[in-house]
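# Chain and residue survey
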Amino acid sequence: MSKLEVDKVVPQSGTTLTVGEAGDTTVINGLGTLPATIGTATQVLAVNAGATGLEYGTAATDLSNLNATNLTSGTVPDLRFPSVLPAAGAQNLTSLQSAALTGALPAISGANLTNLPSQGIVWQTTPKTATFIPADGEGYFINSGSAITANLPAGVVGAIVAFSDYARNFSTYNLTISPNGSEKIGGIAADLTLSVNGQALTLVYVDATKGWINVQNAEDTETGLVVVYNIDIMTLAGGGGGGMTPTAQQGGGGGGGAGGLLYSTSISVDSGTVYTADVGAGGPGMVSDAGAASSGSDSIFSGGSISTITAAGGGGGGGNAVCGVDGGSGGGGNGAACTAGANGTIGQGNDAGNGANGGGGGGGKGGVGSNSSVDVGGAGGAGGANSITGAAITYAGGGGAGGYRNPGNGGAGGSSIGGAGGDSGNGNNASANLGSGGGGAYGPPSAASGFNGGNGSDGLIILRVLTTDYSGTTTGSPSVSVDGSHTVIQFTGDGTYTG
């Protein structure tokens, strides 16, 4: 091997210095073997694996071609990531295995997780009873005794909310769904109103053009489902009319008996079933000597699977040698030929008083009618208090009996709601719609014409139901009021209630 020792080698001409021929192996002291050919534009020189020379390779800073197939088992030294990672969608996280995840993960904010698969609606089981703002991904049961509004949040693409009529009374108490600001529901920048009983609705926010889109609407989807709930019922019959006695009989007329009163609590009714309220009328007072006064009519509540509730009409007061009549409470005996008071119905009213010149008082819900004291007519039996409306009200007082001979001897009406007996003329009418008996007529001592008995008052039927259960469907124009958490329906005439 030849050896050339010089201090410096320079080109003979130009600036290019060529060492060896193409394909030669060139070794330079301190650098080792050089590559026999030129590399590509993207390659760099680097020490080879054996550290015996240089070779062309890919720059260490170029990770564009790095993927899992190029990584074999071993340790990657000093692998670093940039300070800010690009957003990672959940669709890019595939085939993760628990064995590959070690150590503690930092807290992850849900706001940074995108494209997660939807988990559907999460229903909130506490019904909403007042205006509220729904949250994305939640469903709400609406249960209110008045109209209610759901104010939608600002629309975010993919947001979903749902609503359902818990009490099945949207037709009475509408749900208004109001978009945020100028946003839209179904392409219209206006409120949406749900007004069908049992309605349910699901909305998804799509874009600014259409806003919230209805993707599911249902009305009473539980086909055939019957909801059972309890109500309280007060059934009061019509009161009996007061009697009279013509002059030939010389005695006061008997007081009319109060209508029977029944109070039933926690009676089960079925949704969709029609229940009938038949309200009994009061009996008219006796106006001739043909017989006893007319009894009041029964009040009846019936329907569905409940046992029919019948309150018996109050018995008419006695007159003209005719005894008082049995009823819810009995009619009083007259002051002459038939003095015995009539019987009341157990659990509904009481017996009437006996006559003795003056007539006997009619029975009431709260007590028996009083007997006549010689010429003084007996007082009507006391009424009974009931708080089904939320206030204590006295119903079903007996009619006072007519006095005899001396003016001022008429018996008082029971609890001041039964008609008072005649002092020197006709018996008095009972207070309206309280199912009370009419007063008996005064019996004059002379041959003058007799006087008329007073009229008994009509009965009524009252229902008390939780407002959340109240269907809002009635006929017959009952009065409807609210007492706390309950709705009170009062029938003073015939009608129906649909459960």
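This section reports on the structure supplied with the text. Model, not experiment: these values are computed from the prediction.

### Quick look at the overall build of the protein
Broken down by element type, the protein carries zero helices and 24 strands. Relative to its 499 residues, the protein shows a buried fraction of 39%. Residue pairs in contact within the protein that sit at least 24 positions apart in sequence constitute 53% of those at least 6 positions apart. For the protein, the accessible area works out to roughly 25,400 Å², and carbon and sulfur atoms hold 52% of it.

### Examining the pattern of salt bridges
All told, the structure shown has two salt bridges when counted by the stated rule. Asp375 serves as the salt-bridge partner of Arg405, at 3.1 Å between the closest nitrogen and oxygen. Of the two residues, Arg405 is situated in the loop between β19 (393–395) and β20 (460–466) and Asp375 in the loop between β17 (309–311) and β18 (384–386); the sequence distance between them amounts to 30 residues. Asp375 sits in the buried class, given a relative accessible area of 10%. A salt bridge links Asp483 to Arg464, with the nearest nitrogen and oxygen atoms 2.8 Å apart. With a gap of 19 residues between them, Asp483 in strand β22 (residues 479–483) and Arg464 in strand β20 connect regions that are remote in the sequence.

### A look at the sheet that holds strand β24 (residues 495–498)
If you trace the five strands from one edge of the open sheet to the other, you get β17-β16-β15-β24-β21, paired in antiparallel fashion. Whereas interior strands pair on both sides, the edge strands pair on one side only; in this sheet they are β17 and β21 (473–475). Direction aside, neighbouring strands of the sheet carry axes that sit 10° apart on average. As judged from the three bridges shared by strand β15 (residues 274–278) and strand β16 (residues 299–302), these two strands associate in the antiparallel manner. Paired with Asp278 across the bridge in β16 is Ile300.

### Looking at the packing of aromatic side chains
Evaluated as defined, the whole model comprises eight aromatic pairs. Judged by centre distance (5.4 Å) and plane angle (70°), the ring pair of Tyr205 and Trp212 falls under edge-to-face. Side by side, Tyr205 and Trp212 carry an identical accessibility label, which is buried.

### So, the sheet that holds strand β7 (residues 148–151)
Reading across from one edge, β7-β9-β10 is the order of the three strands in this open sheet, with mixed pairing throughout. Because the sheet does not close on itself, it has two edges, and the strands there are β7 and β10 (192–194). Neighbour to neighbour, the strand axes of the sheet diverge by 20° on average, direction disregarded.

### Notes on unusual backbone geometry
Residue Arg168 is not a glycine yet carries a positive backbone phi of 55°. Among the structural elements, Arg168 can be located in the loop between β8 (160–165) and β9 (175–178). Of note, Asn357 is a non-glycine position whose phi angle comes to about 70°, a positive value.

### Let's talk about the pairing of β15
The alternating pattern of β15 places Tyr275 and Ala277 on a buried face, while none of Val274, Thr276 and Asp278, on the opposite face, is buried. By the bridge criterion, four bridges tie β15 to β24 in an arrangement that is antiparallel. Counted as the bridge partner of Ala277 is Gly495 from β24.

### What about the pairing of β8?
Here β8 lies mainly inside the structure; six of its six residues are buried. Here β8 shows a buried face lined by Ile160, Ala162 and Ser164 and a second buried face lined by Val161, Phe163 and Asp165. Across five bridges, the pairing between strand β6 (residues 138–142) and β8 is parallel. In the sheet register, Phe141 faces β8, and the bridge partner there is Ser164. As paired elements, β8 and strand β11 (residues 199–207) share five bridges and run antiparallel to each other.

Definitions and limits used
- Residues numbered from 1 in each chain as written.
- Predicted model: local features only at pLDDT ≥ 70, side-chain atom pairs only at ≥ 80, totals over all residues.
- Heavy atoms only, no water.
- Helix = DSSP H or I, 4+ residues; strand = E, 2+ residues; numbered from the N terminus.
- Buried < 20%, exposed > 50% of the residue type's maximum accessible area, 1.4 Å probe, protein only.
- Contact = heavy atoms within 4.5 Å.
- Areas by Shrake-Rupley, 256 points an atom, 1.4 Å probe, with all protein chains shown as cover.
- Salt bridge = Lys/Arg side-chain N within 4 Å of Asp/Glu carboxyl O.
- Pairing = 2+ DSSP bridges.
- Axes fitted to C-alpha atoms, helices over the stretch in contact; angles between N-to-C directions.
- Phe/Tyr/Trp six-rings, centres within 6.5 Å; stacked < 30°, edge-to-face > 60°.

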